[in-house]
Amino acid sequence: MKYDVIIIGAGVAGLYCARFLPKNLKVLILCKAQPWECNTFYAQGGITIAKNKDDIPLHIKDTLDAGSNINNIDAIKILSQGSLEVLDDLISQNFLIDKENNEILFAKEGGHSISRIIHSNGDGTGRMLHTHLIKNLQHTLWKNAIVIDLLIEDSRAYGVCVKTQKGLVNIYANHIVIASGGVGGLFKYHTNAYTISSDLHGIILEHHLELKDMEMLQFHPTAYINSTHARKQLISEAVRGDGGIIVDNHNKRFLFNYDKRGELAPRDIVSRAIFDYCTKNNQQAFLDLHNFTQTQFELRFPNIYRQLTSYGIKIPQDKIPISPAFHYSMGGIATDLNTKVIGMENLYAIGECANNGVHGANRLASNSLLEGLVFGKIAAMNILDSTLNIGERNFPLNNEVLEKDGDERLKNVLRDIMWNKVGIARNQSGLDSALGGIEVMLLGEIGRLLRLRLLVAKKIITSALNRKESLGAHYRIDS
Ligand SMILES: Cc1cc2nc3c(=O)[nH]c(=O)nc-3n(C[C@H](O)[C@H](O)[C@H](O)COP(=O)(O)OP(=O)(O)OC[C@H]3O[C@@H](n4cnc5c(N)ncnc54)[C@H](O)[C@@H]3O)c2cc1C
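Basis of the calculations
- Within every chain, residues take consecutive numbers counted from 1 along the sequence as written.
- Whole-chain, interface and lining totals are the exception, using all residues; otherwise, since this is a predicted model, local features are given only for residues with pLDDT of at least 70 and side-chain atom pairs are given and counted only at 80 or more.
- Using a C-beta atom placed from the backbone, a residue is described as near a molecule or strand when that atom lies within 6 Å of it.
- Charged means Asp, Glu, Lys or Arg here, nonpolar means Ala, Val, Leu, Ile, Met, Phe, Trp, Tyr, Cys or Pro, and polar covers whatever is left, Gly included.
- Remark: nonpolar core denotes a set of buried Ala, Val, Leu, Ile, Met, Phe, Trp, Tyr and Cys residues whose joining runs through C-beta atoms within 7 Å.
- Burial in this document is a count-based property: other C-beta atoms within 10 Å of a residue's C-beta are tallied, and the residue is buried at 20 or more, exposed at 12 or fewer, or partly exposed in between, with C-beta positions derived from the backbone.
- The way it works is that DSSP assigns letters per residue, a run of H or I at least four long becomes a helix, a run of E at least two long becomes a strand, and they are numbered from the N terminus.
- Contact definition: two residues whose C-beta atoms, as placed from backbone geometry, lie within 7 Å.
- Either an automatic procedure or a domain database provided the assignment from which the domain bounds are taken.
- Any two strands with at least two DSSP-identified bridges between them are counted as paired.
- Crossovers are marked right-handed if the path from the first strand over the helix to the second runs clockwise, as seen with the strands pointing away from the viewer.
- In this analysis, axes come from line fits to C-alpha atoms, helices being fitted only over the stretch in contact, and the angle between any two N-to-C directions falls in the range 0 to 180 degrees.
- Throughout this description, any angle smaller than 35 degrees is read as roughly parallel, any larger than 145 degrees as roughly antiparallel, any in the 65 to 115 degree range as roughly perpendicular, and the remainder as oblique.
- Two helices crossing with the near one rotated counterclockwise from the far one by less than a right angle form a left-handed crossing, whereas a clockwise rotation gives a right-handed crossing.
- The arc in question is traced by the directions running from the helix axis to the C-beta atoms.

As a further point, take the site of the ligand. The local shell around the ligand holds 45 residues, among which Gly-9, Gly-11, Gly-45, Gly-181 and Gly-351 are the closest. Per-class residue counts for the shell around the ligand are 21 nonpolar, 20 polar and four charged.

In structure tokens:
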């Protein structure tokens, strides 16, 4: 089977890349489960759009501030300038953007100097965007197709090895785009879709390609914790932007003790403040919504409202127990600004799986859907510019056993280790012991999928060990 382009992942990055590949090209999109099981679908807050050309420098500054200035400024320029094109394109495609008196509504989120976040159906932006992109998709999509290897020789990618419901198959293409999302499945508490488990990151390591900034992991400050699923219900930053406050058991606000922006400080500061305050003072943190009426909240955040009330919470009167949870990976597969994986001729990485330097040490809220859109299009444009034809090839199937008895238990051990020792606050001894634990597991009789996760976990830990100082989302209590 030979295609022009294979895209691994059907989130915003993969689907928006596909949107710019014409119908006459043979394009195949692969995703692990149902197409909506991706982080894009669960995104709530919205999409950052520079208000106009004059706002671009300020958007760049806000992004750099959030990223502790280790971002690649050229990547941010592309992102911010690209946002204006994205908005025009979404409007031309009749994507529903929330408006008031026929004017687009722009919301404010933590770390942004002004209101510049567009949203759709209140807090349903991700679902609306994903549905819109799927509806307009003009290429073939295979669901329940798990990519378990990349077929790479020298600096060329020839195809992918995929496990489908009919079995294992190699599929070939002239261009391969990785759009496989982040690393949520490595952590005990996270906000990510269950399909997001860093398989492709692990495959990249196996092929001696680079993962960059892997210690830079973002923890979202406000996940509802009293549910039983590992995927914790996220309560969008926009709720704090619109008046939600954080209090302790005694209804005392404490975030201003940590940062003058209080609830509107960047999310790593808020996450650490909650962690630090609650640990030191033996308190539980709550989200207090008394600044909203029930109707206001339901109208502005219909999905969060529905979710929370399904847990029996009464809004606005109940205080909602919250905790930080793993949320977003700034680190990822190292690419250049044209989205090409470093060292490869025809392999691209876009969206959350990629690292082009745009986020630096921390991501500014709502910059990631935008990143998927802007860089998804850039990948498509580069593919269209290329005349590469890699010819016919035949690779053996990767027959390694995917899952073995005991893997499920070890996955949970891994998640515990990552949450407790490689989470919000890190130190040398915790990281050393985490590394030891991972190395022992890697020596065992384990299946391929677990091994890929362990390789990525090991890379995260060694990156965290190598960065001795606290920076952005990487917080060392011993620095
Ligand atoms: C709860 C939540 C709320 C968020 N809110 C916002 C927000 O308001 N604004 C914002 O900008 N960002 C937000 N984010 C972050 C943002 O949603 C993600 O960073 C972004 O959607 C990632 O898009 P993506 O296309 O890179 O990956 P995803 O949308 O995660 O898609 C990954 C795809 O890869 C596929 N895949 C993975 N592994 C394999 C494999 N081995 N084989 C085949 N397919 C595979 C998956 O099946 C999936 O289709 C939020 C994230 C979460 C979890």
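With 139 residues, the main nonpolar core has Ile-6, Cys-17 and Val-177 as its most contacted residues. The element contributing the most residues to this core is helix α14 (residues 448–466), with ten residues. Look past the residues within four positions of Ile-6 in its chain and what remains in contact with it is Leu-28, Leu-30, Gly-159, Val-160, Ile-171, Ala-173 and Ile-176.

Further remarks concern unusual backbone geometry. Between Ile-315 and Pro-316 the backbone carries a cis peptide bond, its omega angle lying at 10°. Locating Pro-316 in the fold gives a position in the loop between α10 (302–310) and β16 (320–329). Unlike most non-glycine residues, Asn-69 shows phi in positive territory, near 65°. With respect to the helices and strands, Asn-69 occurs in the loop between α3 (56–66) and α4 (73–92). With 14 C-beta atoms counted inside 10 Å, the residue Asn-69 sits in the partly exposed group.

Along its sequence, the protein chain is carved into domain 1 (1–216 + 330–399), domain 2 (217–327) and domain 3 (407–466). Relative to domain 3, the C-alpha centre of domain 2 lies at a distance of 28 Å.

As a general point, the strands of a sheet are linked pairwise by backbone hydrogen bonds and lie either parallel or antiparallel. Overall, antiparallel pairing links the five strands, which are arranged β13-β12-β16-β15-β14 in an open sheet. What marks the edges here is a single partner per strand, and that holds for β13 (233–234) and β14 (245–247).

Below, the discussion takes up the pairing of strand β1 (residues 2–8). Burial analysis of β1 places five of its seven residues in the buried class, the great majority of the element. In this structure, β1 lies alongside strand β10 (residues 167–178), joined through six bridges in parallel fashion. By the bridge assignment, Ile-6 is partnered in β10 with Ile-176. As judged from the four bridges shared by β1 and strand β2 (residues 27–30), these two strands associate in the parallel manner. Bridge pairing in β2 links Ile-8 to Leu-30. Regarding topology, helix α1 (residues 12–19) serves as the crossover connection from β1 to the parallel β2, and that connection is right-handed.

On to the packing of helix α12 (residues 407–421) against helix α13 (residues 428–443), then. Relative orientation of the contacting elements α12 and α13 amounts to 165°, with a least axis distance of 10 Å. Here α12 lies roughly antiparallel to α13, going by the angle between them. As for how α12 packs across α13, the hand of that crossing is left-handed. Residue-level inspection shows Leu-410, Leu-414, Ile-417 and Lys-421 of α12 in contact with α13, the latter providing Gly-430, Leu-431, Ser-433, Ala-434, Gly-437, Ile-438 and Met-441. Along the lines of polarity and charge, the residues of the contact of α12 with α13 split into seven nonpolar, three polar and one charged.

So, about the sheet that holds strand β11 (residues 211–212). Ordered in space as β11-β17-β19, the three strands form an open sheet in which the pairing is mixed. If you trace the sheet from one side to the other, it starts and ends with β11 and β19 (354–355), each paired once. Strand direction decides the pairing type here: β11 and strand β17 (residues 332–334), joined by two bridges, are antiparallel. Along β17, the bridge assignment pairs Lys-212 with Gly-332.

Moving on to the pairing of β10. Sheet topology note: the strand β9 (residues 156–164)/β10 ladder contains six bridges and is antiparallel. Residue Val-162 lies in a different strand from β10, and its bridge partner there is Val-169. Where β10 lies against strand β18 (residues 347–349), three bridges are found, and the strand directions are parallel. For Ile-178, the partnering residue across the bridge sits in β18 and is Ala-349.

Right, let's get into α10. Where α10 is concerned, the buried positions are Ile-304, Tyr-305 and Leu-308. The arc that holds every buried residue of α10, seen down its axis, measures 100°, which confines them to one face. Opposite the buried face of α10, by more than 90 degrees, sit the exposed residues Arg-306 and Ser-310. Its buried side turned inward, α10 meets β12 (217–224), α7 (237–241), α9 (294–300) and β16.

One way to put it is that α3 packs onto α4 with a least axis distance of 9 Å and a crossing angle of 130°. Viewed along their axes, α3 and α4 adopt a mutual orientation that is oblique. When you trace α3 past α4, the crossing you get is right-handed. Judged by residue contacts, Ile-56, His-59, Ile-60, Thr-63 and Leu-64 of α3 engage Ile-73, Ile-76, Lys-77, Ser-80 and Gln-81 from α4. Among the residues making up the contact of α3 with α4, the classes are represented as five nonpolar, four polar and one charged.

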